[in-house]
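Below are the chains, spelled out letter by letter.
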Amino acid sequence: MEGGWEDRQVYTLLAVPGEAGVFLAGTSDGLWRSEDAGRTWAAIPDLPMPAVLPSGWFWPGRQVYSLVSTSEGVLYLGGAGARPWRSSDEGRTWQPLAPLPAGTAILALAITAEGRLLAGSDGAGLFRSEDGGQSWHRVETIPATYVAGLWADPNVELFSWRHIEPTREEWHWQHADEVVAGAAHHGLDLIVRLDQHPAWAASAPLTVNAPPADLEDYARFVAQVARRYRGRVRGYIIWNEPNLALEWGGRPPDPVGYTELLCRAYRAVKEADPAALVVSAGLASTNHNDAQAMDDRLYLEAMLRAGAGACFDVLGAHPYGFAYPPDTRARPTMVSTWPGSRTCASGW
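To start, this report covers the structure provided alongside it. (Residues numbered from 1 in each chain as written. Predicted model: local features only at pLDDT ≥ 70, side-chain atom pairs only at ≥ 80, totals over all residues. Heavy atoms only, no water.)

The subject of this paragraph is the packing of helix H3 (residues 215–228) against helix H4 (residues 255–272). Relative orientation of the contacting elements H3 and H4 amounts to 30 degrees, with a least axis distance of 8 Å. Judged by the angle between their axes, H3 and H4 are roughly parallel. Two packed elements cross with a definite hand, and for H3 against H4 that hand is right-handed. Every residue of H4 that contacts H3 at Leu 215, Glu 216, Tyr 218, Ala 219, Val 222, Ala 223, Ala 226 and Arg 227 is listed here: Glu 260, Leu 261, Arg 264, Ala 265, Ala 268, Val 269 and Ala 272. (Axes fitted to C-alpha atoms, helices over the stretch in contact; angles between N-to-C directions. Helix = DSSP H or I, 4+ residues; strand = E, 2+ residues; numbered from the N terminus. Parallel < 35°, antiparallel > 145°, perpendicular 65-115°, else oblique. Left-handed = near helix turned anticlockwise from the far one by under 90°. Contact = heavy atoms within 4.5 Å.)

So this is what it looks like as structure tokens:
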């Protein structure tokens, strides 16, 4: 990528809804925008966030830690200042909202299925807004501590290809129908993961997850699912952790091959249900680079170079904590945000 990124930390990434290949990046040096799937970036004019917060704590004042979007495409931003910001024009211009009562930086934002806006603060706990950020109330059940990540969690369900289509053109819908009906009955957003090859589609054993010999077989399966549940499934996760050989037919990870599968599936979903979101596969967090695994950061970079940025609405992620306990105090440099921000924690 161009633009001196080696000098900046990237805290959050948002695929702008309805704008193919348009991304926003929240960084240690403000807000940046790309209109070519991440190949080049331009800074958005400075947001007037204060260098010194009302609490008296010093911050450089330019960090953007969180970006989220509503299903209607309204964007929200949180950063070094106590005010969140709102955009209704794909992030080109921004309007300030009410500041958090505690006056601290906003480390994380999320939007619930009911439309509430949540804000995680730097040391003052969690805040909730019922009116799109015009007023804020602290969530008293959450300690007054650092809230550096938020999950406005949709319900993620695996629709196994081998269970739905165990034989070519033989469809078994009972389980999937019950899941979709149950989610609708309880008013839940449903995200569906689509993988696990049937025996007829690939020669790899069923003990691994393998891409099909013919990608059109998978695209046809994806289209059938999206067509059947049009308007009732919020989004589709395309495969699972393809940077592991175990999830790629026992073969070395292939980001270019996965990108081709992702793009075929993206087109299939959009033709069947244009309003449904397409989520890229969550990648396994690994520092390995061998025939069994590829570092998720390098894998993602290779995906984007292969054109994957035009083939998903939401970037999937698996934010495992490894040896860190869940109450570990996070540093701002560790902050990421996931669902609602168009970066989605698609599994754990």
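Alright, that's what it looks like, and here's the rest.
Our next topic: the pairing of strand E2 (residues 23–27). Of all five residues that make up E2, five are buried, and the element is covered over most of its length. Residues Phe 23, Ala 25 and Thr 27 of E2 are buried on one face, and the alternating residues Leu 24 and Gly 26, pointing to the opposite face, are buried as well. When strand E1 (residues 10–15) meets E2, the two strands line up antiparallel, connected through five bridges. Opposite Ala 15, over in E2, you have Phe 23 as the bridge partner. Two elements, E2 and strand E3 (residues 30–34), share five bridges in a ladder whose sense is antiparallel. Pairing of Gly 26 across the sheet is with Leu 31, part of E3. In this antiparallel pair of consecutive strands, E2 and E3, the connection spans two residues. (Buried < 20%, exposed > 50% of the residue type's maximum accessible area, 1.4 Å probe, protein only. Pairing = 2+ DSSP bridges.)

Let's shift gears to unusual backbone geometry. Residue Gln 196 is not a glycine yet carries a positive backbone phi of 70 degrees. With respect to the element layout, Gln 196 can be found in the loop between strand E14 (190–195) and H3. Here Trp 239, not a glycine, exhibits a phi torsion of approximately 80 degrees, which is positive. Inspection of the secondary structure assignment puts Trp 239 in the loop between strand E15 (235–238) and H4.

For the pair H4 and helix H5 (residues 296–305), the least separation of the axes is 8 Å and the interaxial angle reads 55 degrees. When the axes of H4 and H5 are compared, the pair comes out oblique. Considering the relative orientation of H4 and H5, their crossing is right-handed. From H4, Pro 255, Tyr 258, Thr 259 and Leu 262 reach across to H5, where they touch Tyr 299, Ala 302 and Met 303. Residue composition of the contact of H4 with H5, grouped by class: six nonpolar, one polar and no charged. (Nonpolar A, V, L, I, M, F, W, Y, C, P; charged D, E, K, R; others polar.)

This next bit is on the environment of Asp 29. Assignment of secondary structure puts Asp 29 in the loop between E2 and E3. A relative accessible area of 24% means that Asp 29 is categorised as partly exposed. Taking the C-alpha atoms as reference, Asp 29 lies 7.8 Å from Gln 9; in sequence the two are 20 residues apart. Residues contacting Asp 29, with those up to four places away along its chain left out, are Arg 8 and Arg 62.

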